[in-house]
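As a plain string of letters, each chain reads:
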Amino acid sequence: MTTLWDTTGSAVVKELAAQRRTGGAVLSGVALTLVVVADESRVTEAEDAATHAAEMHPCRVLIVVRRQIDAPVPRLDAEVQIGGRLGPGEAVVMRMYGRLALHAESVVLPLLAADAPVVTWWHGGPPDRIATDALGVFADRRITDSSLSRDPIAALHVRAEDYAPGDSDVAWTRSTAWRAVLASTLDSVSGRRSDAVHVHGGRIEGDPGNATARLLAGWISSRCGCAVDVVKGSRDPGPSGVEAVSLRLDRDEELAVRADHRGGAVISQPYRPDSTLALPERVLGDLLSEELRRLDPDEPYSEALEAATGLHGLSDRPPVREHVWFDPASDDRTGQDAVTS
């Protein structure tokens, strides 16, 4: 690893090329460039998750830390490494000060892997309008995390209003295990009947203020065409915000899945004894790795977000954004009067 203090973007590019030559490392078969935007307080957690994801998906990791935007003098400090603590590939950690932090793309763009898709992940508060952050405008996929917001439900509405195909949310990814268990259990009921199963309604017990619980309810509603309520549970539901799911089926049957808080779920369904399936709480690196498996628009997420927020037509929006510049130090915080570039 080489640390460059008070450096420039050109010097970072040269150092990355020099390390590749002297170390004999050749970066080939890169699947994508992962751009991580994190606050200093979360940068260690973001690095660990990006390292885990890079082991699963060969990529160039570029971590952007915007520090002290109000600093009087712009400055860039960078760590450049190949095959180091941030995974087997190439990685650059950039800490930006002053007005440079508002133009992070000027440093990041020359570092993108050639002819590889770009995924931008905000591990922290993303902009209300992603078009105001060039790091999101040039990305093929954009990943946020509504659960990190002080008001996750309000954050879901912000993400729905600003949605474009290619957006995703780590809060949605946390529901994958629950969705898999519910889908397989309904398939089991259908197999027993030798006929399709119709869901007439349901209820999720857990945390009504959790974004994952709301998106899971939205997913069930969008798939089954019925109302699903999120009610307060009796126990701490953990990061997923879900303690149990009950579904009312046709033929006066009911299906229930309840977390056992030991990494599994107890499944209760008609005419069969209770069974247990694995339902582990997944670490952030696993969630990020899952998001990197696909680069096309996540239509089930957009449908779940529509149902959870009441907004419609999200998947019909154009996937390309135009960069909208606004100065966060000015009174115009919305960017409505900003210049489009």
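**Points about the sheet that holds strand β4 (residues 75-82)**
Piece 1. Strand order in the open sheet formed by 8 strands is β1-β4-β5-β3-β2-β6-β7-β8, with mixed pairing between adjacent strands. Two strands in the sheet have a free side with no partner beyond their single neighbour: β1 (2-4) and β8 (167-169). Averaged over neighbouring strand pairs, the angle between their axes works out to 15° when direction is ignored.
Piece 2. Here 3 bridges tie strand β7 (residues 141-144) to β8, and the two strands are oriented parallel to one another. Bridge pairing links R142 to D167 in β8.
Piece 3. Sitting on the sheet, helix α1 (residues 9-22) is in contact with β1, β3 (59-66), β4 and β5 (90-97), with an inclination near 10° to β4.

**Let's talk about the pairing of strand β6 (residues 118-123)**
Piece 1. The element β6 is extensively covered by neighbouring structure, given that 6 of its 6 residues are classed as buried.
Piece 2. Here β6 shows two buried faces, one formed by V118, T120 and W122 and the other by V119, W121 and H123.
Piece 3. Examined bridge by bridge, strand β2 (residues 32-38) and β6 share 6 bridges and lie parallel to one another. Counterpart to A38 in the pairing with β6 is H123.
Piece 4. Here β6 pairs with β7 via 3 bridges, running parallel. Within β7, the residue paired with T120 across the bridge is R142.

**Concerning the sheet that holds strand β14 (residues 275-278)**
Think of a sheet as strands paired side by side through backbone hydrogen bonds, with each pair either parallel or antiparallel.
Piece 1. Strand order across the open sheet formed by 6 strands is β10-β9-β11-β12-β13-β14, with mixed pairing between neighbours. Strands at the two margins of the open sheet, each flanked by one partner only, are β10 (228-232) and β14. This sheet shows a mean twist of 20° between the axes of neighbouring strands, independent of strand direction.
Piece 2. Looking at chain direction, strand β11 (residues 242-249) and strand β12 (residues 253-259) are connected through 6 bridges and run antiparallel.

**Quick word on the nonpolar core**
Looking at soluble globular proteins, one finds that nonpolar side chains tend to be buried together.
Piece 1. Core analysis: the biggest nonpolar cluster contains 37 residues, and L182, I204, L216, I220, V245 and L247 have the highest contact counts within it.
Piece 2. Broken down by element, this core gets its largest block of residues, 7 residues, from helix α8 (residues 211-224).
Piece 3. Those residues in contact with L216 that lie beyond four places of it in its chain are S175, W178, R179, L182, I204, V242 and V245.

**Some remarks on the pattern of salt bridges**
Piece 1. Within this structure, the stated rule accounts for 25 salt bridges.
Piece 2. Put simply, R193 and E253 hold a salt bridge, and the shortest N to O gap is 2.8 Å. On the criterion of sequence distance, the pair formed by R193 in helix α7 (residues 176-193) and E253 in strand β12 is long-range, its members being 60 residues apart.
Piece 3. Exposure remark for R193: the relative accessible area of 10% places this residue in the buried category.
Piece 4. Between E205 and R258 there is a salt bridge, and its shortest N-O distance comes to 3.3 Å. In this pair, E205 is assigned in strand β9 (residues 199-206) and R258 in strand β12, connecting sequence segments 53 residues apart.
Piece 5. Taken together, the salt bridges that share partners define one network made up of R142, R159, D162, D167 and R321.

**Describing the packing of aromatic side chains**
Piece 1. Taken as a whole and assessed by the stated rule, the structure comprises 2 aromatic pairs.
Piece 2. Plain terms: the ring middles of Y163 and Y301 are 6.1 Å apart, the flat faces sit at 55° to each other, and that makes the pair tilted. Pair noted here: Y163 is in the loop between α5 (152-161) and β8 and Y301 is in helix α10 (residues 299-309), with a separation of 138 residues, a long-range link.
Piece 3. Since its relative accessible area comes to 4%, Y163 is described here as buried.

**Comments concerning the environment of T33**
Piece 1. Among the structural elements, T33 can be located in strand β2.
Piece 2. Spatially, the C-alpha atoms of T33 and R21 are 20 Å apart, while their sequence positions differ by 12 residues.
Piece 3. Aside from chain neighbours lying at most four places away, what touches T33 is R60, L62, L112, A113, P117, V118 and V119.

**Some details on the environment of Q19**
Piece 1. Within the secondary structure layout, Q19 lies in helix α1.
Piece 2. The class for Q19 is buried, based on a relative accessible area of 14%.
Piece 3. For the pair Q19 and E90, spaced 71 residues apart in the sequence, the C-alpha separation amounts to 9.6 Å.
Piece 4. What Q19 contacts, discounting residues up to four positions off in sequence, is M1, T2, V80, Q81 and I82.

Thresholds, definitions, all that
Residues numbered from 1 in each chain as written. Predicted model: local features only at pLDDT ≥ 70, side-chain atom pairs only at ≥ 80, totals over all residues. Heavy atoms only, no water. Pairing = 2+ DSSP bridges. Helix = DSSP H or I, 4+ residues; strand = E, 2+ residues; numbered from the N terminus. Axes fitted to C-alpha atoms, helices over the stretch in contact; angles between N-to-C directions. Contact = heavy atoms within 4.5 Å. Buried < 20%, exposed > 50% of the residue type's maximum accessible area, 1.4 Å probe, protein only. Core = buried A, V, L, I, M, F, W, Y, C linked by side-chain atoms within 4.5 Å. Salt bridge = Lys/Arg side-chain N within 4 Å of Asp/Glu carboxyl O. Phe/Tyr/Trp six-rings, centres within 6.5 Å; stacked < 30°, edge-to-face > 60°.

Any functional reading would require information that these geometric values do not contain.
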